[in-house]
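# Structure assessment
The chain contents come next:
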Amino acid sequence: MINRILISACLMGFKVRYNGSEKAPMMAHLLRWQKEQRLVIHCPELAAGLPIPRSPAEIFFADGKDVMRERARIIENTGNDVTEHYQLAAWLALRTAQESGCTAALLTDGSPTCGSQFIYDGSFSGQRKPGMGVAASLLNEHGIAVFSDTQLAELITWIEERES
Ligand code: SF4
């Protein structure tokens, strides 16, 4: 069985980040996976109706799991509370992954939505901390293996082991 992968749209060259940029150009493996029709390209924030560009947002001194359990908020650098938009983004990512039969996700790190190894701490001072964004956390809780964009080698191994 082929393992399908939900992938952050900004990793595939789409300029959907808050500042209107993409994250990285496509890599050879991503090209091959796309030809194999493994990839489900998705931007949770865009799907939830957030605009491009948009104000940077951070989880306020908590993590994505806390936000999804109504124990924390997501705030833009303007002070605007955008928690509900980001919660919707997470649910839409999960629905897309489940409806598309994804078993794994390859997501851009650091984002309050897609971050999986680290997020920013809510002070808007560039301070990182370990933790997951809202979508990464929800996908993980529902049994979808989440990898960050720095873990491509681990994802390759994970797929090879499952499909050998
Ligand atoms: S929500 Fe995810 S896919 Fe969309 S721009 Fe942010 S990191 Fe990229």
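Residues numbered from 1 in each chain as written. Predicted model: local features only at pLDDT ≥ 70, side-chain atom pairs only at ≥ 80, totals over all residues.

The name given to the protein chain in an unreviewed UniProt entry is Purine-nucleoside phosphorylase, with Kosakonia cowanii JCM 10956 = DSM 18146 as the source organism.

### With respect to the overall build of the protein chain
So the rule is basically this: For helices the rule is a DSSP run of H or I covering at least 4 residues; for strands it is a run of E covering at least 2, with both sets numbered from the N terminus onward. Our radius of gyration looks at C-alpha atoms and nothing else; its globule reference is 2.2 Å times the residue count to the power 0.38.
Counting secondary structure elements, the protein chain contains six helices and eight strands. Counted from the first residue to the last, the protein chain has its helices and strands arranged as β-α-β-α-β-α-β-α-β-β-β-α-β-α. Here the protein chain has a C-alpha radius of gyration of 15 Å; the compact-globule value for 164 residues is 15 Å, and the two agree. Overall size of the protein chain, expressed as C-alpha extent along the three principal axes, is 50 × 30 × 25 Å.

### Structural notes on the site of the ligand
What counts, and what does not: All residues are tested the same way: a C-beta atom is placed from the backbone, and lying within 6 Å of a molecule or strand makes the residue near it.
Surrounding the ligand, one finds 13 residues, the nearest of these being Ser 8, Cys 10, Cys 43, Thr 108 and Cys 114. It is helix α2 (residues 44–47) that provides the largest number of residues to the shell around the ligand, a total of three residues.

### Some thoughts on helix α5 (residues 134–141)
An α-helical turn contains 3.6 residues, so any two residues separated by three or four positions project in the same direction. Operational definition: Buried residues are those with 20 or more other C-beta atoms within 10 Å of their own C-beta, exposed residues have 12 or fewer, and partly exposed residues lie in between; C-beta atoms are placed from the backbone. Working definition of a contact: two residues with C-beta atoms, positioned from the backbone, lying within 7 Å.
Among the eight residues in α5, six count as buried, and that is most of the element. Within α5, burial applies to Val 134, Ala 135, Ala 136, Ser 137, Leu 138 and Leu 139. Of the surrounding secondary structure, the elements contacted by the buried residues of α5 are α2, α3 (64–68), α4 (83–99), β5 (102–107) and β8 (145–148).

### What about helix α6 (residues 152–163)?
What counts here: One less than the residue count of a helix, multiplied by 1.5 Å, gives the span that helix is expected to have.
In this model, α6 (twelve residues) spans 16 Å end to end at C-alpha, consistent with the 16 Å of a helix rising 1.5 Å per residue. Of all the twelve residues making up α6, one are buried; the element is thus mostly uncovered.

### Focus: the nonpolar core
Our working rule: As used throughout, a nonpolar core is a set of buried Ala, Val, Leu, Ile, Met, Phe, Trp, Tyr and Cys residues joined through C-beta atoms within 7 Å of each other.
Core analysis: the biggest nonpolar cluster contains 44 residues, and Ile 5, Ala 90, Ala 93, Ala 105, Leu 106, Ala 135 and Leu 139 have the highest contact counts within it. Among the elements that make up this core, the one with the highest residue count is α4 (six residues). Setting aside residues up to four positions removed in sequence, Ile 5 forms contacts with Trp 33, Arg 38, Leu 39, Val 40, Cys 102, Ala 104, Ala 105 and Leu 106.

### Considering the pairing of strand β1 (residues 4–8)
Filter applied, for reference: Between any two strands, pairing holds if DSSP finds at least two bridges.
In terms of residue burial, β1 counts as a mostly covered element, since four of its five residues are buried. In the sheet, β1 pairs with β5 via four bridges, with the strands oriented parallel. Across the sheet, the residue bridging to Ile 7 is Leu 106, located in β5. Relative to strand β2 (residues 39–42), β1 runs parallel, the two sharing four bridges.

### A short note on the environment of Arg 17
Along the chain, Arg 17 falls in the loop between β1 and α1 (28–35). Take Arg 17: there are 21 C-beta atoms within 10 Å of it, and that puts it in the buried class. Between the C-alpha atom of Arg 17 and that of Leu 46, which follows or precedes it by 29 residues, the distance is 8.9 Å.

### What to know about unusual backbone geometry
Residue Ile 52 is joined to Pro 53 through a cis peptide bond whose omega torsion reads -5°. Even without a glycine there, the phi angle at Glu 70 is positive, about 65°. Relative to the helices and strands, Glu 70 resides in the loop between α3 and β4 (74–76). Accessibility expressed as a C-beta count within 10 Å gives 9 for Glu 70, which makes it exposed.

### Focus: the pairing of β5
The two faces of a sheet get side chains in turn, since along a regular strand they alternate between them. Within β5, five of the six residues are buried, which leaves the element mostly enclosed by the surrounding structure. Two strands pair when backbone bridges link them, and β5 and β8 are joined in this way by four bridges, in the parallel orientation. Bridge pairing in β8 places Ala 104 opposite Ala 145.

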